[in-house]
Amino acid sequence: MAYINSLLPSLISGLTTTLEIFIITLLISIPLGVVVAFGRLSNIKVISKTIQSYILVMRGTPLMLQLVFVFFGLPYIGIALDRNTAALVAFILNYAAYFAEIFRGGIDSIEIGQYEGAIVLGLSKVRTITKIILPQVIKRVLPSVGNEVINLVKDTSLVYVVGLGELLRAGKIASNRDASLIPFVAVGTIYLLIVMLLTEGFKRLEQRYSYYK
Amino acid sequence: MSLKVEGLYKSFDGNTVLNNINFKVNKGEIVTIIGPSGAGKTTLLRAVNGLEDADKGSIEIDGDFLCKNNVEGIEYCSKKQNKSIRKKVGIVFQSFNLFPHMNVMENIIEAPRSVLKMNKKAAAEKAEALLYDLGLETKASAYPFQLSGGQKQRVAIARSCALDPKLICFDEPTSALDPEMREGIANIIDDLAEKNMAILIITHDMAFAKRVSHRVLFIENGKLIDEGKKDNNFSDISSKRVLNYINS
Ligand SMILES: Nc1ncnc2c1ncn2[C@@H]1O[C@H](COP(=O)(O)OP(=O)(O)OP(=O)(O)O)[C@@H](O)[C@H]1O
Ligand SMILES: [Mg+2]
């Protein structure tokens, strides 16, 4: 027990980095994903094609490679970002692409009659999207979004490649130093707790949307 | 005059679906368009509601032109005019298209609130009166999935009526109803006409068309080919083919 207590300061510091990446990525990539999804569905060819290629690249290459590229590659074309920003940029761009595909599926699944119902009532486009379409999309995409959010928790461990000290790295350092597996057990438990919390949160969210069919 | 359609043409990929359609619906008049499958009924109704753009011709709703001919062909009204025409025409879709995440009250007051800018209290009072008239006073807080087909239809009617349209269109209003409920919807439509609304119905249901309409128009291959009036017990229909159809 005393040993675990002695690990806590470094694990908490790693956890802070992990949570920071996690929260900021979510806060930006979800709204960005909505915008990208509408762009992907746009009738303007240039927009939808560009976005299609962006999504292909983001989903078609490993996130680790994207991290490396943003941090080590971009300086060659004059864009030098600090470790934190680089990690966030890569994560946000990557996750926005995944969220966009989920939202696109959700938007596509809304019957045309919902749009026509809104049109004949004279609702504005903005009102139709925000009040009629998106609330229904949210209900339909919640399970997939929940999955993706849980993936993100675990993916944050990749930021060690740009030299950030996140949770898993903190555990690894302690494990090497003390020749013990206990730090890994502690780290695993922390991930598990976070995922359990998120799972419960999404369960409640889904319940909140279960008042209609 | 609540609706006047003149010289309306529409084709899909070279296939002419509406071929020189001309007709009117007066205030308080119930006009039904019947005809075989694929004749163009739904397309016509969608054009009147601005959901389908015509190729040529004019559609006039309560004195405002949704579209009319110009030298190049057809000209649609401006966005601003479109907004004011929208309020004058309503449609009850065959599948109702209620908003599933909103309860009955929210479905009805959405447009009065956001389009007519009514305050919540006034909009709710009006909705309650409509629900009462339609026998739905206990359903204000129900969600669409909790309603029967006939109840959903009446909510859709209330939702249209909340904007005080001059013209209401019905797409196959009896398709989701059992025979007893047909009389119910017929009575509702009679009431709307008595309040001086113009009613345009499309249906396959001959018995219903005869029960509810002041005039029945027959459409075939995108052309209106015959017309019968209730006053004459539809005996002014001349075409044998149509007579057979009507009496079947
Ligand atoms: N969006 C569209 N694109 C191409 N063709 C269409 C479209 N909508 C309708 N059509 C064609 O137009 C013709 C008329 O269709 P419409 O739906 O108006 O017929 P209808 O009289 O309502 O038939 P029903 O009684 O079966 O509902 C049909 O041949 C149909 O295939
Ligand atoms: Mg039809």
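S.K.: Give me the interface of chain B and chain A: which residues, what numbers.
M.R.: When the parts come together, some accessible area is lost, and that loss is often what is quoted as the size of the interface. In this complex, chain B contributes 21 residues to the contact, which on the side of chain A involves 18 residues. Both sides of the chain B and chain A interface together cover about 1900 Å² of buried area, and 65% of this is carbon and sulfur. The largest share of the area that chain B buries against chain A comes from F99(B), H101(B) and F145(B), three residues that together contribute 30% of it. The interface formed by chain B and chain A includes 2 salt bridges. Seen at the junction of chain B and chain A, the total is 7 residue pairs in polar contact (both at pLDDT 80 or more). Elements supplying a minimum of two residues to the side of chain B that touches chain A: β7 (89-92) and α3 (104-114) of chain B. Here the side of chain B that touches chain A is composed, by residue class, of 13 nonpolar, 4 polar and 4 charged.

S.K.: Which residues make up the sheet that holds strand β5 (residues 64-70) of chain B, and what values go with them?
M.R.: Residues and elements named next belong to chain B. Sheet architecture is open: 5 strands sit in the order β2-β1-β4-β5-β6, paired in antiparallel fashion. Of all strands in the sheet, those bounded by a partner on one side alone are β2 (15-25) and β6 (73-76). Across the sheet, the axes of successive neighbouring strands diverge by a mean angle of 20 degrees, strand direction being ignored. For β5 and β6, the ladder comprises 4 bridges, and the chain directions are antiparallel. Residue pairing for β6: C67 is matched across the bridge by Y76. Against the sheet, helix α1 (residues 41-48) touches β1 (3-12), β2, β4 (56-61) and β5, its axis set at about 120 degrees to β1. Along the sheet, helix α2 (residues 79-86) contacts β4 and β5; its crossing angle with β5, the most-contacted strand, is approximately 130 degrees.

S.K.: Describe in detail the site of ligand 1, supporting the description with residues and values.
M.R.: Residues and elements named next belong to chain B. Surrounding ligand 1, one finds F12, V17, P36, S37, G38, A39, G40, K41, T42, T43 and H204. Contacts to ligand 1 include A39, whose backbone N or O atom sits 3.2 Å from an oxygen atom. Isolated, ligand 1 exposes 640 Å² of accessible area, and the fraction of that covered by the protein chains is 60%. It is α1 that contributes the most residues to the shell around ligand 1, 3 residues altogether. Here the shell around ligand 1 is composed, by residue class, of 4 nonpolar, 6 polar and 1 charged.

S.K.: Any chance you could break down the pattern of salt bridges for me, citing the residues and the numbers?
M.R.: All names here are of chain A. What the rule picks out here adds up to 22 salt bridges over all chains. For the salt bridge of R104 with E101, the shortest nitrogen-to-oxygen distance reads 3.0 Å. Linking R104 with E101, this pair stays in helix α4 (residues 83-108), spanning 3 residues, or about one helical turn. Classification of E101 as buried rests on a relative accessible area of 16%.

Conventions and cut-offs
Residues numbered from 1 in each chain as written. Chains lettered and ligands numbered in written order. Predicted model: local features only at pLDDT ≥ 70, side-chain atom pairs only at ≥ 80, totals over all residues. Heavy atoms only, no water. Contact = heavy atoms within 4.5 Å. Buried area = accessible area lost by both parts, 1.4 Å probe. Salt bridge = Lys/Arg side-chain N within 4 Å of Asp/Glu carboxyl O. Polar contact = N/O pair within 3.5 Å; in protein donor to acceptor, adjacent residues only side chain to side chain. Helix = DSSP H or I, 4+ residues; strand = E, 2+ residues; numbered from the N terminus. Nonpolar A, V, L, I, M, F, W, Y, C, P; charged D, E, K, R; others polar. Pairing = 2+ DSSP bridges. Axes fitted to C-alpha atoms, helices over the stretch in contact; angles between N-to-C directions. Near = heavy atom within 4 Å. Areas by Shrake-Rupley, 256 points an atom, 1.4 Å probe, with all protein chains shown as cover. Buried < 20%, exposed > 50% of the residue type's maximum accessible area, 1.4 Å probe, protein only.

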